[in-house]
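Residue-level listing of the chains:
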Amino acid sequence: MNYHWNWNVFFQTIPSGDETYLAWIIHGLGWTVSISLAAWVIALVLGSVMGTLRTVPNTGLRLIGHTWVEFFRNVPLLMQLFIWFFVVPEMLPRDWGMWVKQDMPAKEFITAFVALGLFTSARVAEQVRAGIQALPRGQRNAGLAIGFTQAQTYRYVILPMAFRIIIPPLTSEFMNAFKNSGVAYTVGVWELIFVSRQMVEETGGQVIESLIVPTVLYILCAYAANQLMAVIDRRAHVPGFIVAK
């Protein structure tokens with residue numbers, strides 16, 4: 001292998017400015033983390049709501065939750081991103097559409113985390129639904145028996161236990177939010193993959209270095225998310241609780 005390794009490339013100044021390639025990487029990492037965390041907030045909130053709706057007695061509400069999950073789960077993330085970025089502005093009233101296309105601040109960033117958040121929300125919804133349905137029926141019946149309404153039973157009895165059960169699968173979804181954030185480069189967000197591609201073009205040959213460092217940073221982000229959720233899991237664990245039907 002005749003590849004010429006040059007790790008000092010990250011400390012070189014880019015041809016078109018005063019920044020170094022390392023500054024580019026740090027900048028890209030910031031956008032990656034921002035997209036992932038913002039998307040996770042959307043996913044956790046909407047996923048919890050839709051997952052809960054899929055288990056309520058009301059048929060109409062269950063249909064809403066089912067439709068949400070099937071749409072956002074079955075359409076590829078990249079396609080959803082393109083729909084939000086290119087199609088939705090064309091479907092808005094003319095003035096609104098022009099504002100979104102020309103004047104909306106941070107359009108690429110907002111579009112990216114909204115698309116990723118909605119996509120991930122469908123997966124979170126399935127985890128929430130599974131957690132609720134894994135609980136013993138007696139817990140729901142006990143809540144109703146002491147005078148709770150259906151909403152109060154979910155709030156005080158069912159959901160607190162269900163979320164404790166699903167922390168491990170939610171950990172995977174949280175990690176996936178960081179990994180899936182890479183699609184944002186397709187709409188021009190300066191996240192890690194975008195920066196990596198720019199470095200390959202700018203340096204004209206340091207391909208491996210330009211790919212290895214972003215890869216390591218993705219691993220570290222996902223690992224940090226894993227460790228954070230592990231701490232939450234340990235703190236939220238209910239000793240002696242066994243999932244049963």
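Position numbers for residues count from 1 along each chain, tracking the sequence in the order it is written. Per-residue local features are limited, in this predicted model, to residues with pLDDT of at least 70; the limit for side-chain atom pairs, both in listing and counting, is 80 or more; totals at the level of whole chains, interfaces and linings are taken over all residues. The side-chain figures draw on all heavy atoms in the structure; neither hydrogens nor water molecules are used.

**Q** How do you make sense of the environment of cysteine 221 when you look at a structure like this?
**A** What counts as a helix is a DSSP run of H or I of at least four residues, what counts as a strand is a run of E of at least two, and both are numbered from the N terminus. Tracing the sequence through the fold places cysteine 221 in helix H10 (residues 207-236). Spatially, the C-alpha atom of cysteine 221 lies 27 Å from that of proline 160, the residues being 61 residues apart in sequence. Sequence-distant contacts of cysteine 221, that is, excluding residues within four places in its chain, are made with Leu29, Val33 and Phe178. We call two residues contacting when some pair of their heavy atoms lies within 4.5 Å.

**Q** Explanation requested: the pattern of salt bridges in the structure shown.
**A** Note on pairing: side chains with opposite charge can pair once their charged atoms come close. One side-chain nitrogen of Lys or Arg within 4 Å of one carboxyl oxygen of Asp or Glu is enough to make a salt bridge. Under the counting rule described, the total for this entry stands at six salt bridges. The closest approach of N and O atoms between glutamate 90 and lysine 101, which form a salt bridge, is 3.0 Å. Here lysine 101 lies in helix H4 (residues 94-103) and glutamate 90 lies in helix H3 (residues 77-91), a separation of 11 residues in the sequence. In this structure, the salt-bridge partner of glutamate 126 is arginine 129, at a minimum N-O distance of 3.1 Å. In this pair, glutamate 126 and arginine 129 are both assigned in helix H5 (residues 107-134), three residues apart and thus about one turn of the helix distant.

**Q** Before we go on, may I ask you to explain the side chain of lysine 107 in this structure?
**A** Within the element layout of this structure, lysine 107 appears in helix H5. Buried residues are those whose accessible area, probed at 1.4 Å on protein chains only, stays under 20% of the maximum for their type, while exposed residues exceed 50% and partly exposed ones sit between those limits. His is not counted, nor are the chain ends, whereas Lys and Arg count as positive and Asp and Glu as negative. Although buried, lysine 107 forms no salt bridge, and the nearest oppositely charged side chain, glutamate 108, lies 6.1 Å from it.

**Q** Got a minute to help me understand the side chain of threonine 111 in this structure?
**A** Relative to the elements of secondary structure, threonine 111 occurs in helix H5. Beyond its immediate chain neighbours, meaning those up to four positions away, threonine 111 contacts Leu81, Trp84 and Phe85.

**Q** Before we go on, may I ask you to explain the packing of aromatic side chains in this structure?
**A** One pair of aromatic rings is described through two measures. These are the centre distance and the angle between the planes. Only Phe, Tyr and Trp rings take part, Trp by its six-membered ring, and two of them pair if their centres are within 6.5 Å. Stacked means planes under 30 degrees apart, edge-to-face means over 60, and tilted covers everything else. For the structure shown, the criterion picks out 14 aromatic pairs. Aromatic side chains phenylalanine 71 and phenylalanine 72 sit 4.9 Å apart centroid to centroid with 85° between the ring planes, which places their arrangement in the edge-to-face category. Overall, phenylalanine 71 belongs to the partly exposed group, its relative accessible area being 42%. Where phenylalanine 148 meets tyrosine 156, the ring centres are 5.7 Å apart and the plane angle is 40°; that geometry is what we call tilted. Given a relative accessible area of 27%, phenylalanine 148 falls into the partly exposed group. Tyrosine 156 gets classed as partly exposed once you look at its relative accessible area, which sits at 46%. Here the aromatic residues Tyr21, Trp24, Trp190 and Phe194 are joined through ring pairs into a cluster of three or more. Two conditions define a charge located above a ring, namely a distance within 6 Å from the ring centre to NZ of Lys or CZ of Arg, and an angle within 35 degrees of the ring normal. Over the ring of phenylalanine 85 we find lysine 107; its NZ or CZ atom is 4.2 Å from the centre of that ring.

**Q** Looking at this structure, I do not really get unusual backbone geometry. What am I missing?
**A** Note: most residues except glycine have negative phi, and most peptide bonds are trans. Positive phi, normally seen in glycine, also occurs at alanine 106, with a value near 50°. Structurally, alanine 106 is set in the loop between H4 and H5. Given a relative accessible area of 41%, alanine 106 falls into the partly exposed group.

**Q** Explain the nonpolar core here, please?
**A** One recurring pattern in soluble globular proteins is that nonpolar side chains are buried together. We call a set of buried residues a nonpolar core when its members are Ala, Val, Leu, Ile, Met, Phe, Trp, Tyr or Cys and they connect through side-chain atoms within 4.5 Å of each other. With 23 residues, the main nonpolar core has Trp40, Val124, Ile132, Tyr154, Leu170 and Phe174 as its most contacted residues. Mapped by element, the contributors of at least two residues to this core are helix H1 (21-53), H5, helix H7 (150-165), helix H8 (167-180) and H10. For valine 124, the contacting residues outside a window of four places in its chain are Trp40, Ala43, Leu44, Gly47, Ser48, Leu170 and Glu173. Grouped together as the second largest cluster of nonpolar side chains are 18 residues, Leu81, Leu118, Ala122 and Val189 included.

**Q** I keep staring at a nonpolar patch on the surface and nothing clicks. Help me out?
**A** Together, Trp5, Trp7, Ile212, Val216 and Leu220 line one region of the surface with nonpolar side chains, adding up to about 470 Å² of accessible area. In this fold, leucine 220 is placed in helix H10. Patch membership requires over 30% relative accessible area and the absence of a salt bridge. Like charges are linked within 9 Å, and nonpolar side chains (Val, Leu, Ile, Met, Phe, Trp, Tyr) within 5 Å. Only the protein chains shown count as cover for residues, with accessible areas throughout obtained via the Shrake-Rupley method and a probe of 1.4 Å.

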